[in-house]
Amino acid sequence: MSERHSPKLAVSVVFLFNGALFGAWASRIPSLKQGLHLSASELGMLLLLLALGAILAFPLAGYLSDRLGAARLSKVLALMVCPALVMVGMASNVLYLATALFLFGALHGALDIAMNSWASEVEKSLGRSTMSFFHAMFSVGAGIGAGLGSLSAWLVLPYLEFFILIVLILLPLLRLCWIPWQFHKTDPQASKGGFQLPRGSLLVIALVALCCAIGEGAMADWSAVFLTDVLNSDHGQAAMGYALFSVAMVATRLMGDGLVNKIGASHTVRFCGGAALLGSLLLLTSQTLYQAYAGLLLLGVGYSIVMPLVYANAANNTQMKAGAGLASVATFGYGGMLLGPPLIGFIAEWIGLRQTFALFVLLALAVVAGAWAFNQEKTLACANQTNG
C-alpha cells in the first residue's frame, strides 16, 4: 500500500474535509441570516435544529459503523454531506432552511461518529496515540473553511455559489481516502441502533466530555463578552482573546499524541485538567487584559486533548461496541456544547458574569477527578501485542 494512500492520511483527510465544510457553513451564517431576514430567535432555533439532527443521528451512525465498517460509512457520508450543504444555500424560506439544516446536521454528526470510529481503528493498528492529530486536522479544516468563507463574504460572493465552490474544491481530496475496504473490520453482530447510556468507566468519560464541552462552548460565546463587559476591552482586543484560545487548542492538539504516547492517557487528562484549572483561576481573578489572555491560552491547552482522548477511549471501551460507545459519549459532548452558552447566560443574570466564570474552576476539577477512567495506554498496548 503506497504512503499516499496510507490509512492515517486517509483518516486525516476525512477530518480536514468535515471540518472545512463546517467552517464554511459557520462563516456564512451572517450572510444567510441577512439574506432570509431571520431574527435572532429564528436563527437560534434553526441552529438548535442543526444540533438536534446531529444528536438524533449519533445512535444510527454508531450502529452502522459497527455493522458496515467505519471506513466505508465515512466515505459514503462524506459524499452525502456535500449536497446537504448546497441545499442549505438553496433555501428560499425558513421551512426549507430548517429541513436542510436538520439534514446537514444529521449527516455532519453521523460523519463525526464514523470518522472517529475509523480513526480508532487506525490508531489501534499503529499501536500509538494518533487521535489528537486527527482532531487537530478537523480544527485546521474548520479554519480553512472559515477563512475561505470570510474571503467570499468580503468579495460579496453569494453563499450558495460559495457552498458549491467549496464542495468542488474539497471533493477531489476524498480520492486520498479510497484505500482497500478489507483493511477495516465490520461487525455483523453489532447491536441495534438506539441510544445506550454509558456505564462504568465509560460513564465517567462521558461526564468528562460533558464538562469539557460546556467549557469549550461557553468560551466560544462568552470569552469576548467577558473581556468587554468585565475588563472593558475594545472589540478587537476581545476578539483576540478567543483567537488565542483557538490557536492554543490547535497547537496543543498537534503535539498531543506525543504527550499521550510518553506519559499515557490518564496523566495527559490530569495535565489538561490542571492547565484548565490554572487558566480558569487566572481568568476568574483577572484584573488586566494580559492576565485574561494568559488564562484563555491555558484554557485552550486544557480543553485541547481531552476530547480526542474521550473519543479514543469510547471506541476502545470493553462495555459497548465501538460505534455505540462513540455515539453515547458524543451525545454528552454535543449536549455540553449546547448547554454551555445558555447556562452561563442564566447564571450570569443571577450572580454576575465574573462570578459565573467560577463554574470553569469546578469543571476543571471534575476533569482532573475523572482522569482515572482513561486507560488508553493499556488498550493500545494490547492492540500492539495483537498486531505483533
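Quick notes on the rules
- Residues numbered from 1 in each chain as written.
- Predicted model: local features only at pLDDT ≥ 70, side-chain atom pairs only at ≥ 80, totals over all residues.
- Heavy atoms only, no water.
- Helix = DSSP H or I, 4+ residues; strand = E, 2+ residues; numbered from the N terminus.
- Rg over C-alpha atoms; globule rule 2.2 N^0.38 Å.
- Buried < 20%, exposed > 50% of the residue type's maximum accessible area, 1.4 Å probe, protein only.
- Contact = heavy atoms within 4.5 Å.
- 1 Å grid on protein atoms, 1.4 Å probe; cavity = no way out; pocket = protein on both sides within 12 Å on 5 of 7 lines; lining within 4 Å.
- Points joined across faces, edges and corners; volume = space filled by probe spheres on them.
- Nonpolar A, V, L, I, M, F, W, Y, C, P; charged D, E, K, R; others polar.
- pLDDT = per-residue confidence, 0-100.
- Axes fitted to C-alpha atoms, helices over the stretch in contact; angles between N-to-C directions.
- Parallel < 35°, antiparallel > 145°, perpendicular 65-115°, else oblique.
- Left-handed = near helix turned anticlockwise from the far one by under 90°.
- Patch = residues over 30% accessible without salt bridge, like charges linked within 9 Å, V, L, I, M, F, W, Y side chains within 5 Å.
- Areas by Shrake-Rupley, 256 points an atom, 1.4 Å probe, with all protein chains shown as cover.
- Salt bridge = Lys/Arg side-chain N within 4 Å of Asp/Glu carboxyl O.
- Disulfide = S-S within 2.5 Å.
- Polar contact = N/O pair within 3.5 Å; in protein donor to acceptor, adjacent residues only side chain to side chain.

**Section: the overall build of the protein**
Phase 1: On a plain count of helices and strands, the protein comes out with 16 helices and zero strands.
Phase 2: Its C-alpha atoms give the protein a radius of gyration of 20 Å, near enough to 21 Å, the size a compact globule of 388 residues would have.
Phase 3: Judged by the C-alpha coordinates and their principal axes, the protein covers about 60 × 50 × 35 Å.
Phase 4: Counting every position in the protein, which comprises 388 residues, the buried fraction comes to 54%.
Phase 5: Long-range pairs, those at least 24 residues apart, make up 83% of the contacts in the protein with a sequence separation of at least 6.

**Observations concerning the layout of surface pockets**
Phase 1: Estimates place the volume of the largest pocket at around 1,700 Å³.
Phase 2: Secondary-structure elements contributing two or more residues to the lining of the largest pocket are helix 1 (7-27), helix 3 (40-68), helix 5 (94-126), helix 6 (131-154), helix 8 (201-229), helix 9 (235-263), helix 12 (306-315) and helix 13 (322-351).
Phase 3: Tallying contributions element by element places helix 3 first for the lining of the largest pocket, with eight residues.
Phase 4: Considered class by class, the residues forming the lining of the largest pocket number 31 nonpolar, 10 polar and four charged.

**A look at unusual backbone geometry**
Phase 1: The phi torsion at H37 lies on the positive side, around 55 degrees, for a residue other than glycine.
Phase 2: Positionally, H37 belongs in the loop between helix 2 (29-35) and helix 3.
Phase 3: Of the residues examined, H37 reaches a relative accessible area of 69% and is grouped as exposed.
Phase 4: Within the chain, V156 stands out as a residue other than glycine whose phi angle is a positive 60 degrees.
Phase 5: What makes V156 exposed here is its relative accessible area of 69%.

**A few points about the confidence of the model for the protein**
Phase 1: Scored by pLDDT, the protein comes out at a mean of 84, with 90% of its residues at no less than 70.
Phase 2: This model gives residues 376-388 a pLDDT under 50, and the stretch forms 22 contacts once residues within four places in sequence are excluded.

**Quick notes on the packing of helix 4 (residues 70-90) against helix 5**
Phase 1: Two elements in contact, helix 4 and helix 5, have axes separated by 8 Å at closest approach and are oriented at 155 degrees. With respect to helix 5, the element helix 4 is oriented roughly antiparallel. Once helix 4 is placed against helix 5, the crossing between them reads as left-handed.
Phase 2: Looking at the contact of helix 4 with helix 5, its residues break down into 24 nonpolar, three polar and two charged.

**Examining a nonpolar patch on the surface**
Phase 1: A contiguous nonpolar patch, built from I144, L148, L151, W154, L155, L165 and I169 and spanning about 700 Å² of accessible area, is present on the exposed surface.
Phase 2: Of all the elements in the fold, those that place two or more residues in the nonpolar patch are helix 6 and helix 7 (159-170).
Phase 3: Per element, the largest residue contribution to the nonpolar patch is four residues, and it comes from helix 6.

**Digging into the state of the cysteines**
Phase 1: On inspection of all chains with the given rule, the structure shows zero disulfides.
Phase 2: C272 takes part in no disulfide bond, and the closest cysteine sulfur, belonging to C212, lies 7.9 Å away.

**A closer look at the side chain of S152**
Phase 1: Topologically, S152 is positioned in helix 6.
Phase 2: Of the polar contacts made by the side chain of S152, one reaches the side chain of R28; its length is 2.8 Å.
Phase 3: Sequence-distant contacts of S152, that is, excluding residues within four places in its chain, are made with R28, L157 and F162.

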